[in-house]
Amino acid sequence: MSALPAAPAAPDLPHHRSRRRRALLWGALVSLLLVAQSLLVWLTVDYESNRAQEQVETVSASVAADIRQAMSRDLQNLQALLWNDPPLDQWRIDAAEMLRTHREIVRIEQRNLDQRILAAVESPFQGAMFTRIRREDMDIDTEVACTAARRQASPALSRSYFVPLPGGLGLEVIDACLPIHRAGHLVGFMAATFALQNVLTEAVAADVLRGHELSFVEGDGTRLARVGLTRGAGIYVSERLIDLPGITLQMRLDSAAGSPRLIPNLAVALVLGLSLALGAVVLLLVHDVRKRAQAERALAESLAFRKAMEDSLVTGLRARDLQGHITYVNPAFCQMVGFSADEVIGKVPPPYWPPELADEYGRRQAIRLGAVRPTEEVRQTAREGFETTFMRKNGERFAVLIFEAPLVDGTGEHTGWMSAVLDVSDQRRIEEISRQQQERLQATARLATVGEMASLLSHELNQPLAAIASYAAGSLNLMQSGAHDRETVALLQQAAERIAEQAERAGRVIKSVHNFVRRRDQTHEAVRCDALIEAVLPLVRLQARKSGTRVELDMQAPVPRVVCDRTMVEQVLLNLTRNGIQAMESHTPPAQRELLIRVRQTHARWVTISVIDHGPGVPPEVAQQLFTPFFTTRSEGMGLGLSLCRTVIEQHGGALDFVTLPSEDAAGSDASKGTGATTEFRFTLPADSAERRPPHAPAEPHGADVAPSTP
Ligand code: ADP
């Protein structure tokens, strides 16, 4: 069956969706920001241009009002020239004065009813007007105005018209026509010519002209006159109609200001900059938040991992602050002591201290916590641990091994103590059981030795008992004979002495066995080697006598002292001597049956005791298993002797081994039997350090603190 195509991984879908959603959100945020920015710019620009336009409108309204006012004032002033009907000469003087003070007016003339010019005064500034074209030829508009003035009986203005001047220049002018009444009758007209450009210049304040271009225009846009120090930009333009008697002038105000720039002023630039900075800050914040979230995730993961690790530990962990208050315990510790973390943390003294030991523990803790620097003991505890007793919640005491080390925080400051706690109660129980078993085994082995000796004992006790019996029988016979002479009494006394001697001898035999079997306390004590050997010597001799073996002692002088458990070492000695005697029993000629016990201090710290026999030696196949428990070549043997011996010696820190050397004597005597070797079983025991080092003892090798193997 073919494999199905792999379906898209289900867990990826939400992931993809959330990524797309995030991208969309980002897109929306960026577009919103862009729209907001553009809107802001547009609104600002719009506001600016509206403001500029409004300004132009305001200025143009005031300029129009100014012009209207100036024109009506001028008309009033012109009318004032006719008051009280002045003679023509006086009128000329007044008109010239008026032209001098009013630059906008360039010519004043008086006409009769037929429009014929009676008198004319020209502006001193402008000079003669109608030089290129005659006045009569340009009179049409004036006449229309005068007709209107006549009809309305009030001043009227004419349409504007262009008056060419010498030098290719010209002026756009309008005429004001005022009717002249005398005694209630119209007698003529007074016409004043206004140069439009001058009307503007005179009526409008100089600062307006500095920023604007001002002009009069016709309906089709033709410019009639313009003033202004700058050219208008054509963007902010205001056109206004100025109604004057008879005509309507169209005025146009064009601001020199250009269209608003994108960033029109500092405030807007600031707002823009700030909003851009805000956007950047938002971006940075988002970036920061994301990084923080990542770091938090990583931290949470590592915390979870650490917690899982601590929870799965089988070793109890405990942290204490510098005051000895417990600040942390792991589940393994709680399980070990049976108290929950809440019951332990911060409690002084801790509930797992056995009450009877709390004082001692408190003192010990005070010393440990008081140490500013880690003491040698602290270092050792961290390395090797120290053993103490804790109490479970159910009151059970148990042994723990504690490894404690200073707790140093990230800044290198010593903030407390961290301990690893191991429950070693099971281990201690097993050790105790094994120790008891060892002891029992050794006691059994001792009894077995005694059992083996039973026949020997019976033989040995037989002699004194037989002697006692025969002395007793002899004494009885003497007593029954009824003789009471001095000789008989002497004989009886002698017999009694012999009986006492023999009884003592038998007692000694029994005592030596009793001494050996008696269980003594297991204590290490310093003891002279001769004392050790003498304690077993009666039993050794007892055994040796049966096979006619000589027992020799070779003791170094002064006699070395060893530190040992006497009972155990005596047992070892007895086993080795017994093995030696037994080895010589069958194969060694009686003359060569000699057992040598030798004591030598072979090292400043070690004493070697050897048991040497001249038996058959140890064949290689036997040598391999010699120390295996229950290995024996003898039919009545138990095979425990040597294995127990090695255990005992190793418990003392020493070593037990053996060598077999072919004996020169034996080799020469009877080679065909294949017998004849010198077998040396030897063991080391720690020398009593109080002992003065013998002069010939070798120098202590550097770092030699283990028992050297015997040479
Ligand atoms: P057992 O004496 O009960 O046999 P041991 O452990 O004392 O048990 O000895 C084990 C064996 O080692 C003996 O059976 C013997 O074969 C051998 N052995 C011990 N000592 C000697 C020795 N001095 N010479 C030769 N063989 C020995």
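Fair warning: this is a prediction, and the values are worked out from it, not measured in the lab. (Residues numbered from 1 in each chain as written. Predicted model: local features only at pLDDT ≥ 70, side-chain atom pairs only at ≥ 80, totals over all residues. Heavy atoms only, no water.)

Which parts of the structure should I look at to understand the overall build of the chain?
Within the chain, the regular secondary structure consists of 17 helices and 22 strands. Counting every position in the chain, which comprises 711 residues, the buried fraction comes to 39%. (Helix = DSSP H or I, 4+ residues; strand = E, 2+ residues; numbered from the N terminus. Buried < 20%, exposed > 50% of the residue type's maximum accessible area, 1.4 Å probe, protein only.)

Help me understand the pattern of salt bridges, please; the structure alone is not making it clear to me.
Two side chains that carry opposite charge are able to pair once their charged atoms sit near each other. Taken as a whole and judged by the stated rule, the model has 39 salt bridges. Where Arg135 meets Glu109, a salt bridge forms, and the shortest distance between an N and an O atom there is 2.9 Å. Here Arg135, found in the loop between strand E2 (117-122) and helix H3 (140-152), pairs with Glu109, found in strand E1 (residues 105-112); they are 26 residues apart in sequence, far enough to count as distant. With respect to burial, Arg135 and Glu109 carry one shared label: buried. (Salt bridge = Lys/Arg side-chain N within 4 Å of Asp/Glu carboxyl O.)

Just to check I follow, could you spell out the packing of aromatic side chains for this structure?
Aromatic ring pairs are described here by two measures, namely the spacing of the ring centres and the angle between the planes. Summed over the entire model, instances satisfying the criterion amount to six aromatic pairs. With a centroid separation of 5.3 Å and an interplanar angle of 75°, the aromatic rings of Phe333 and Tyr352 are classed as edge-to-face. Of this pair, Phe333 sits in helix H7 (residues 331-337) while Tyr352 is found in the loop between helix H8 (341-344) and helix H9 (358-370), placing the two residues 19 residues apart along the sequence. Residue Phe333 shares its accessibility class with Tyr352, and that shared class is buried. (Phe/Tyr/Trp six-rings, centres within 6.5 Å; stacked < 30°, edge-to-face > 60°.)

Got a minute to help me understand the state of the cysteines in this structure?
The bond known as a disulfide is covalent and runs between the sulfur atoms of two cysteines. Applying the stated criterion across every chain, the model contains one disulfide. Put simply, Cys146 and Cys177 are joined by a disulfide, and their sulfur atoms are 1.8 Å apart. On the sign convention where negative means left-handed, the S-S torsion of about 95° between Cys146 and Cys177 marks this disulfide as right-handed. Here the residue Cys146 occupies a position in helix H3, and Cys177 occupies one in strand E5 (residues 170-182), the gap between them amounting to 31 residues. We classify Cys146 as buried; its relative accessible area is 0%. (Disulfide = S-S within 2.5 Å.)

Please explain empty space enclosed by the protein as it appears in this structure.
Tallied over the full model, the rule gives two cavities of 30 Å³ or more. Taken as a whole, the largest cavity encloses approximately 120 Å³ of empty space. Elements with a contribution of two residues or more to the lining of the largest cavity: strand E11 (316-321), H9, strand E13 (386-391) and strand E14 (397-408). In the lining of the largest cavity, the residues fall into five nonpolar, two polar and five charged. (1 Å grid on protein atoms, 1.4 Å probe; cavity = no way out; pocket = protein on both sides within 12 Å on 5 of 7 lines; lining within 4 Å. Points joined across faces, edges and corners; volume = space filled by probe spheres on them. Nonpolar A, V, L, I, M, F, W, Y, C, P; charged D, E, K, R; others polar.)

Sorry, what's going on with the sheet that holds strand E7 (residues 212-217) here?
By definition, the strands of a sheet pair up through backbone hydrogen bonds, in either a parallel or an antiparallel sense. Read from one edge to the other, the open sheet built from four strands follows the order E8-E7-E10-E9, with strand pairing classed as antiparallel. Edge positions in the sheet fall to strand E8 (223-227) and strand E9 (237-244), since each has one partner strand and no second. Each strand of the sheet is rotated relative to its neighbour by a mean of 25°, with strand direction disregarded. Sheet topology note: the E7/E8 ladder contains four bridges and is antiparallel. Its bridge partner lying in E8, Leu214 is registered against Val227. Its contacts with the sheet put helix H4 (residues 196-203) on E7, E8 and strand E10 (247-255), and the angle it makes with E8 is roughly 35°. (Pairing = 2+ DSSP bridges. Axes fitted to C-alpha atoms, helices over the stretch in contact; angles between N-to-C directions. Contact = heavy atoms within 4.5 Å.)

What is the right way to look at the side chain of Thr549 in this model?
In this fold, Thr549 is placed in the loop between helix H13 (529-547) and strand E17 (550-555). Relative accessible area serves as the criterion here: at 8%, Thr549 is assigned to the buried category. At a separation of 2.8 Å, a polar atom in the side chain of Thr549 contacts the side chain of Ser547. Beyond its immediate sequence surroundings of up to four residues, Thr549 is in contact with Ala544, Ile581, Met584, Arg593, Glu594 and Leu595. (Polar contact = N/O pair within 3.5 Å; in protein donor to acceptor, adjacent residues only side chain to side chain.)

What is the right way to read the layout of surface pockets from this model?
To find the voids left in a structure, one rolls a probe of water-molecule size over its atoms. In this structure, the largest pocket encloses a volume near 710 Å³. Along the wall of the largest pocket there are 36 residues; nearest its centre are Asn579, Leu626, Thr633, Arg634 and Leu642. Of all the secondary structure elements, the ones that give two or more residues to the lining of the largest pocket are helix H11 (425-480), helix H14 (566-587), strand E20 (606-613), helix H16 (641-651) and strand E22 (677-686). It is H14 that contributes the most residues to the lining of the largest pocket, 10 residues altogether.

Please clarify how the environment of Ala473 should be interpreted in this entry.
Position of Ala473 among the secondary structure elements: in helix H11. Once the C-alpha coordinates of Ala473 and Ala495 are considered, the two residues, 22 residues apart in sequence, prove to be 9.7 Å apart.

Help me out: how do you make sense of the sheet that holds strand E15 (residues 414-423) in this one?
Within the open sheet, the five strands sit side by side as E12-E11-E15-E14-E13. Their pairing is antiparallel. Each end of this open sheet is capped by a strand with a single partner; those strands are strand E12 (326-329) and E13. Across the sheet, the axes of successive neighbouring strands diverge by a mean angle of 35°, strand direction being ignored. Strand direction decides the pairing type here: E11 and E15, joined by six bridges, are antiparallel. Residue Gly316 lies in a different strand from E15, and its bridge partner there is Val421. Each of E11, E13, E14 and E15 touches H9; the most contacted strand, E13, lies at about 135° to it.

Sorry, what's going on with the packing of H13 against H14 here?
Between two packed helices, the angle of one axis relative to the other and the distance separating the axes together describe the packing. Packing of H13 against H14 leaves a shortest axis separation of 9 Å and a crossing angle of 25°. Considered as vectors, H13 and H14 are oriented roughly parallel to each other. Read as a crossing pair, H13 and H14 show a hand that is right-handed. Between H13 and H14, the contacting residues are Ala531, Leu532, Ile533, Ala535, Val536, Leu539, Val540, Gln543, Ala544 and Ser547 on the first element and Arg566, Val569, Glu570, Leu573, Leu574, Thr577, Arg578, Ile581, Gln582 and Glu585 on the second. Looking at the contact of H13 with H14 residue by residue, the classes come out as 12 nonpolar, four polar and four charged. (Parallel < 35°, antiparallel > 145°, perpendicular 65-115°, else oblique. Left-handed = near helix turned anticlockwise from the far one by under 90°.)

For this particular structure, what's the right way to read the site of the ligand?
Taken together, 18 residues lie near the ligand, and Asn579, Asp613, Thr632, Thr633 and Arg634 sit nearest. Contact between the ligand and Arg634: an oxygen atom at 2.7 Å from a side-chain N or O atom of the residue. Judged by the fraction of its atoms near the pocket grid, the ligand is located in the largest pocket. Among the elements of the structure, H14 and H16 are those that each provide at least two residues to the shell around the ligand. Broken down by element, the residue count for the shell around the ligand peaks at four residues, all from H14. In terms of residue class, the shell around the ligand is built from seven nonpolar, eight polar and three charged. (Near = heavy atom within 4 Å. Sits in = over half its atoms within 2 Å of the grid points.)

Looking at this model, I keep getting lost on a nonpolar patch on the surface. Mind explaining?
Residues Leu29, Leu33, Leu278 and Val282 make up a contiguous nonpolar surface patch of roughly 320 Å² in combined accessible area. Of all the secondary structure elements, the ones that give two or more residues to the nonpolar patch are helix H1 (12-80) and helix H6 (266-312). Note on placement: Leu29 falls in helix H1. Taking the relative accessible area as the measure of exposure, Leu29 reaches 35% and is therefore partly exposed. (Patch = residues over 30% accessible without salt bridge, like charges linked within 9 Å, V, L, I, M, F, W, Y side chains within 5 Å. Areas by Shrake-Rupley, 256 points an atom, 1.4 Å probe, with all protein chains shown as cover.)

Please clarify how the pairing of E11 should be interpreted in this entry.
As a general feature of sheets, a regular strand has side chains that alternate between the two faces. Along E11, six of the six residues are buried, which leaves the element largely enclosed by surrounding structure. Burial of the side chains of E11 extends over both faces: Gly316, Arg318 and Arg320 are buried on one face and Leu317, Ala319 and Asp321 on the other. As judged from the three bridges shared by E11 and E12, these two strands associate in the antiparallel manner. Bridge pairing in E12 links Ala319 to Tyr328. Here E11 hands over to E12 after four residues, with Gly324 in that stretch at a positive phi of 90°.

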